[in-house]
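# Close look at the chain arrangement
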There are 2 protein chains.
Amino acid sequence: MSARQALISVAERLFAERGIPAVSMREVAAAAGQGNTSAVRYHFGSRNGLVDAIFTYRMARIDERRRAFLAARPEAHDDPRFLLEALVFPLAESIGHEDGESWYARFLAQVAFQPGFDSFSGARRDVTRGLRVVVDGLRRRVEGLDPPLGDLRITRVMQVVIHGLAEHEASMARGAAALPTSALAADLVDGAAAVLAAPVSSLTLAEMARTRLKGA
Amino acid sequence: MSARQALISVAERLFAERGIPAVSMREVAAAAGQGNTSAVRYHFGSRNGLVDAIFTYRMARIDERRRAFLAARPEAHDDPRFLLEALVFPLAESIGHEDGESWYARFLAQVAFQPGFDSFSGARRDVTRGLRVVVDGLRRRVEGLDPPLGDLRITRVMQVVIHGLAEHEASMARGAAALPTSALAADLVDGAAAVLAAPVSSLTLAEMARTRLKGA
DNA sequence: GCAGGGCTAACGCACTTGTATTAATATGAA
DNA sequence: TTCATATTAATACAAGTGCGTTAGCCCTGC
């Protein structure tokens with residue numbers, strides 16, 4: 001394994017276990033077997049460069065599987081449940097039955113919701129082409145709602161999926177997972193579908209109308 | 001304002017904005033106007049002590065309102081929607097129309113899902129009595145499901161609510177909130193109710209049966 | 001062979017960190 | 001007032017931090 005690859009793997013684990021800002025670049029280098037204290041700086045430029053590299057390295061394979069999943073049923077691209085499966089399953093596979101433990105979900109949960117982080121810009125764009133298809137499809141699904149509610153639903157689906165997987169990954173790590181990953185993934189799709197299609201209550205409608213009047 | 005109180009307020013903001021491990025104790029003390037670099041250590045013992053103090057300080061008022069909300073309708077303690085309102089509204093009020101900006105939701109999102117964190121133990125127990133009523137009520141609601149699924153639903157509700165509020169708080173901070181807090185809170189109840197009551201798909205049932213056989 | 005460039009090791013520097021110690025000051029009860 | 005106690009200020013120190021520089025290594029193309 002190349003030094004660059006070792007740095008990525010080791011950093012992914014340390015970041016997931018202890019939080020990204022809590023890990024020093026020296027420690028990453030040392031844990032990757034590098035005598036050089038500036039190894040991370042040399043290979044990735046900065047801490048953010050390393051974070052990007054981890055994100056991209058894993059997401060490349062995941063999104064590849066996602067595109068394959070989508071391509072298998074082009075006629076179903078308007079079925080929200082199918083889209084959610086395309087969102088969840090490739091992620092779940094990558095944390096489930098690899099040979100050993102996994103850390104990517106916990107890493108992703110820290111990165112994906114940082115203010116200013118954009119999954120579709122820069123070097124990340126190439127490894128989120130499948131994700132974009134999913135998000136666009138889901139967006140079409142919530143077009144009937146008030147625009148602010150629709151956007152909210154999309155983010156909420158992402159939160160449910162990513163934090164749900166991260167929580168599961170942590171449970172597995174401490175040997176306390178109540179379900180195998182495949183079952184959890186299926187349940188996660190159920191939950192995400194429910195969030196997406198949740199009926200808008202009369203209270204919500206009233207509250208939106210009330211505050212809209214007030215604002216005008 | 002006492003020094004202790006100033007430290008709590010300032011630390012809450014810094015932790016929310018930059019992440020708990022990324023903020024040094026010196027910086028907290030300095031930002032609170034303390035010349036003493038060991039002020040946090042003196043008042044709270046450690047970083048964790050400070051985190052506990054922030055959690056407790058805010059949660060005391062929030063849970064008080066929650067208990068009042070619950071007490072207003074004792075006959076509705078079996079209505080999941082009412083329980084979710086008791087969960088969400090007091091939290092939402094504390095981040096919505098206070099005079100200024102708020103940071104507690106983002107702080108809470110970092111703390112509440114840390115492995116090993118228990119909202120109901122130690123000094124936190126007193127300020128989560130209302131929360132316990134809610135959780136117990138919700139638990140009764142999911143008794144019909146397979147036990148692992150029920151627990152999963154409860155955690156998922158918590159994730160939706162806390163991360164949903166944190167996201168909203170961050171949006172407000174950058175002036176990009178699509179909805180006022182009261183409307184978002186109502187929508188969050190809709191989402192949480194949907195997650196709680198999401199039907200278990202045939203795929204999930206099949207996956208659970210399959211993997212249970214395999215394990216036996 | 002051998003020159004060159006990519007990679008690694010070793011080390012330095014200025015600065016920050018948690019932790020501690022001691023002195024000064026505020027506070028409140030007798 | 002007076003004195004004990006609680007709080008704050010002013011430093012100190014060893015360890016760790018990001019960042020940078022220099023020198024050696026290995027491997028490939030010529």
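Residues numbered from 1 in each chain as written. Chains lettered and ligands numbered in written order. Predicted model: local features only at pLDDT ≥ 70, side-chain atom pairs only at ≥ 80, totals over all residues. Heavy atoms only, no water.

### Quick look at the relation of the copies chain B and chain A
Mapping chain B onto chain A calls for a screw motion: a turn of 180° about the axis and a shift of 0.0 Å along it, with 0.1 Å RMSD after fitting. The superposition of one copy onto the other is thereby described by a two-fold rotation axis. Residue Ala-194 of chain B of chain B places its C-alpha closer to the rotation axis than any other residue of that unit, at 2.6 Å. A shared interface surface links the copies, since 100% of the contact residues of chain B are contact residues in chain A too. (Least-squares fit on C-alpha atoms with pLDDT ≥ 70 in both. Contact = heavy atoms within 4.5 Å.)

### Focus: the interface of chain B and chain A
If you look at the interface, chain B gives 42 residues, while chain A gives 42 residues. Contact between chain B and chain A buries roughly 3,100 Å² in total, counting both sides, with carbon and sulfur atoms accounting for 65%. In this assembly, chain B and chain A are joined by four salt bridges. One salt bridge in this structure joins Arg-153 of chain B and Asp-187 of chain A, with 3.1 Å as the shortest N-O distance. Between chain B and chain A we count 19 residue pairs in polar contact (both at pLDDT 80 or more) in total. Those elements that provide at least two residues to the side of chain B that touches chain A are helix 5 (80-95), helix 8 (147-173), helix 9 (181-197) and helix 10 (202-215) of chain B. For the side of chain B that touches chain A, a count of residues per class yields 23 nonpolar, nine polar and 10 charged. (Buried area = accessible area lost by both parts, 1.4 Å probe. Salt bridge = Lys/Arg side-chain N within 4 Å of Asp/Glu carboxyl O. Polar contact = N/O pair within 3.5 Å; in protein donor to acceptor, adjacent residues only side chain to side chain. Helix = DSSP H or I, 4+ residues; strand = E, 2+ residues; numbered from the N terminus. Nonpolar A, V, L, I, M, F, W, Y, C, P; charged D, E, K, R; others polar.)

### A look at the pattern of salt bridges
In this structure the tally under the stated criterion is 37 salt bridges over all chains. Its salt-bridge partner being Asp-146 of chain A, residue Arg-212 of chain A comes within 3.6 Å of it at the nearest N-O pair. Separated by 66 residues along the polypeptide, Arg-212 of chain A in helix 10 (residues 202-215) and Asp-146 of chain A in the loop between helix 7 (129-141) and helix 8 (147-173) bring together distant segments of the chain. Residue class for Arg-212 of chain A comes out partly exposed when judged on its relative accessible area of 45%. The partner of Arg-132 of chain B in a salt bridge is Asp-136 of chain B, and the shortest N-O contact between them spans 3.4 Å. Residue Arg-132 of chain B and its partner Asp-136 of chain B are located together in helix 7 (residues 129-141), separated by four residues, close to a single helical turn. In the salt-bridge network here, residues are joined through shared partners; they are Asp-63, Arg-66 and Arg-67 of chain A. (Buried < 20%, exposed > 50% of the residue type's maximum accessible area, 1.4 Å probe, protein only.)

### What to know about the domain arrangement of chain A
All names here are of chain A. What the domain assignment lists for chain A is domain 1 (1-45) and domain 2 (54-215). Spacing between the C-alpha centres of domain 1 and domain 2 amounts to 28 Å. Contact residues are listed per partner, giving 10 residues for domain 1 and nine residues for domain 2. In total, about 950 Å² of surface goes out of reach between domain 1 and domain 2, with carbon and sulfur atoms giving 64% of it. (Domains from an automatic or database assignment.)

### Notes on the packing of aromatic side chains
Applying the stated criterion to the full structure yields eight aromatic pairs over all chains. With 6.1 Å between their ring centres and 80° between their planes, Phe-69 of chain A and Phe-89 of chain A make a pair best called edge-to-face. With Phe-69 of chain A in helix 4 (residues 47-72) and Phe-89 of chain A in helix 5 (residues 80-95), the pair connects residues that are 20 residues apart, well separated along the chain. Residue classification places Phe-69 of chain A among the partly exposed residues on the basis of a relative accessible area of 26%. The rings of Phe-69, Phe-82 and Phe-89 of chain A are connected pair by pair, giving a single aromatic cluster. Residue placement shows Arg-73 of chain A over the ring face of Phe-82 of chain A; its charged tip is 5.1 Å from the ring centre. Stacked on the ring of Phe-120 of chain B, the Lys or Arg Arg-132 of chain B has its end atom at 4.3 Å from the ring centre. (Phe/Tyr/Trp six-rings, centres within 6.5 Å; stacked < 30°, edge-to-face > 60°. Lys NZ or Arg CZ within 6 Å of the ring centre and 35° of its normal.)

### A look at the protein's contact with DNA strand D
Within the structure, DNA strand D sits among 15 residues, and Arg-26, Ser-38 and Arg-41 of chain A together with Ala-3 and His-43 of chain B are positioned closest to it. Take the atoms of DNA strand D that sit within 4 Å of the protein: sugar and phosphate atoms are 51% of them. Within the side chain of Asn-36 of chain B, one N or O atom sits 3.4 Å away from a base nitrogen of DNA strand D. Here Tyr-42 of chain B contributes a side-chain N or O atom positioned 3.3 Å from a phosphate oxygen of DNA strand D. Of all the elements in the fold, those that place two or more residues in the surface near DNA strand D are helix 2 (25-31) of chain A together with helix 3 (39-44) of chain B. Residue composition of the surface near DNA strand D, grouped by class: three nonpolar, eight polar and four charged. (Near = heavy atom within 4 Å.)

### Remarks on the protein's contact with DNA strand C
Around DNA strand C lies a shell of 15 residues, among which Ala-3, Gly-35 and His-43 of chain A together with Arg-26 and Arg-41 of chain B are the nearest. Atoms of DNA strand C within 4 Å of the protein belong to the sugar or the phosphate in 51% of instances, the rest to bases. Within the side chain of Ser-24 of chain B, an N or O atom sits 3.2 Å from a phosphate oxygen of DNA strand C. Secondary-structure elements contributing two or more residues to the surface near DNA strand C are helix 3 (39-44) of chain A together with helix 2 (25-31) of chain B. Looking at side-chain class alone, the surface near DNA strand C contains three nonpolar, eight polar and four charged residues.

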